[in-house]
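Analysis of the macromolecular model
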Amino acid sequence: MKIVLASLIGIILLCFGAKVKFVDATSQDWYGGRYESGRGTDYVFTLKARGGSDKLVIDKLWVDDDFYEVKAVKNLAKRSELDFEKKDTLYVRAGKKSQPDKDGQMVTVKGKNVKPPKEYDGVALLAYTWKGKRKYMEIKEFRVLEKIIYP
């Protein structure tokens, strides 16, 4: 009986569960070698696809109050290759940057100001569509990498 129940729960989760499996999320602060280069934080999300790019589209990300338009790729070095298959490892990359303004004050470079569609308790909210239906994945925390100071 326990085996049948466990199998049934597994099938239900497979059919109705999230179509993207969360693997890891990192944040890494960086500083340019010159003041004019600015500073920022890079975010990388590692996911496992439960469907191909013909059914799954990962396109929006909120980190705290910042909004990013994103795309999922199989290889961060080849970010123009957007096709992927079921079970592929995917990467979503985004980042914020601050640069000095004309008065020398550090100012965050902002893109679109889009409010999250729902409240979330974690550090990030990832939006995707599965067969045209909007879904959301909450990211609870980042694994913080050592900061980089560029020469």
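Thresholds applied
Residues numbered from 1 in each chain as written. Predicted model: local features only at pLDDT ≥ 70, side-chain atom pairs only at ≥ 80, totals over all residues. Heavy atoms only, no water. pLDDT = per-residue confidence, 0-100. Helix = DSSP H or I, 4+ residues; strand = E, 2+ residues; numbered from the N terminus. Phe/Tyr/Trp six-rings, centres within 6.5 Å; stacked < 30°, edge-to-face > 60°. Buried < 20%, exposed > 50% of the residue type's maximum accessible area, 1.4 Å probe, protein only. Patch = residues over 30% accessible without salt bridge, like charges linked within 9 Å, V, L, I, M, F, W, Y side chains within 5 Å. Areas by Shrake-Rupley, 256 points an atom, 1.4 Å probe, with all protein chains shown as cover. Salt bridge = Lys/Arg side-chain N within 4 Å of Asp/Glu carboxyl O. Lys, Arg positive; Asp, Glu negative; His and termini not counted. Charge placed at Lys NZ, Arg CZ, Asp CG, Glu CD. 1 Å grid on protein atoms, 1.4 Å probe; cavity = no way out; pocket = protein on both sides within 12 Å on 5 of 7 lines; lining within 4 Å. Points joined across faces, edges and corners; volume = space filled by probe spheres on them. Nonpolar A, V, L, I, M, F, W, Y, C, P; charged D, E, K, R; others polar. Pairing = 2+ DSSP bridges. Axes fitted to C-alpha atoms, helices over the stretch in contact; angles between N-to-C directions. Core = buried A, V, L, I, M, F, W, Y, C linked by side-chain atoms within 4.5 Å. Contact = heavy atoms within 4.5 Å.

Okay, the confidence of the model for the chain next. Looking at the chain, pLDDT values average 88 and 89% of them are 70 or higher. Put simply, helix α1 (residues 2–16) is where the chain has its lowest mean pLDDT, 40, and strand β9 (residues 143–144) is where it has its highest, 98.

A word on the packing of aromatic side chains. Within this structure, the stated rule accounts for five aromatic pairs. The interplanar angle of 25° and the centroid separation of 5.1 Å between the aromatic rings of Tyr 43 and Phe 142 together place this pair among those described as stacked. Highlighted residues: Tyr 43 in strand β2 (residues 39–49) and Phe 142 in the loop between β8 (133–139) and β9, separated in sequence by 99 residues. Like Tyr 43, the residue Phe 142 is buried in the burial classification. An angle of 50° between the planes, with centres 5.2 Å apart, marks the rings of Trp 62 and Phe 67 as tilted. Judged by its relative accessible area of 3%, Trp 62 falls in the buried class. One aromatic cluster is present, formed by Tyr 43, Phe 45, Tyr 68 and Phe 142 through successive ring pairs.

Take a positive patch on the surface next. Together, Lys 21, Lys 48, Arg 50, Lys 55, Lys 86, Lys 87 and Lys 131 make up a positively charged patch on the protein surface. For Lys 48, the location among the structural elements is in strand β2.

Time to look at the layout of surface pockets. Approximately 210 Å³ is the volume found for the largest pocket. In terms of lining residues, the largest pocket is bounded by 13 residues, among which Phe 67, Tyr 68, Val 109, Lys 110 and Gly 111 are the most central. Elements supplying a minimum of two residues to the lining of the largest pocket: β4 (66–69), β5 (89–100) and β6 (106–109). Residue classes in the lining of the largest pocket are distributed as three nonpolar, four polar and six charged.

On the surface, a cluster of negative charge is made up of Asp 54, Glu 81, Asp 83 and Glu 85. One can find Asp 83 in the loop between β4 and β5. Given the relative accessible area of 60%, Asp 83 is considered exposed.

This part covers the sheet that holds β8. Taken together, the four strands give an open sheet; going across it, the order is β4-β3-β7-β8, and neighbouring strands pair in antiparallel fashion. Pairing within the sheet leaves two strands with one partner each, and these edge strands are β4 and β8. Here the strands of the sheet are splayed against their neighbours by 20° on average, with no regard to which way each runs. Bridge count for strand β3 (residues 56–63) against strand β7 (residues 124–130) is seven bridges, and the pairing is antiparallel. In the sheet register, Val 63 faces β7, and the bridge partner there is Ala 124.

Phe 45, Leu 56, Ile 58 and Leu 61 are the most contacted members of the largest nonpolar core, which has 24 residues in total. Looking at this core, the elements with two or more residues in it are β1 (20–31), β2, β3, β5, β7 and β8. The residues touching Phe 45, leaving out its near neighbours within four places in the chain, are Asp 24, Ala 25, Leu 61, Val 63, Leu 90, Tyr 91, Val 92, Ala 124, Ile 139 and Phe 142. One finds Phe 67, Tyr 120, Leu 125 and Ala 127 within the second-largest nonpolar core, a separate group that totals five residues.

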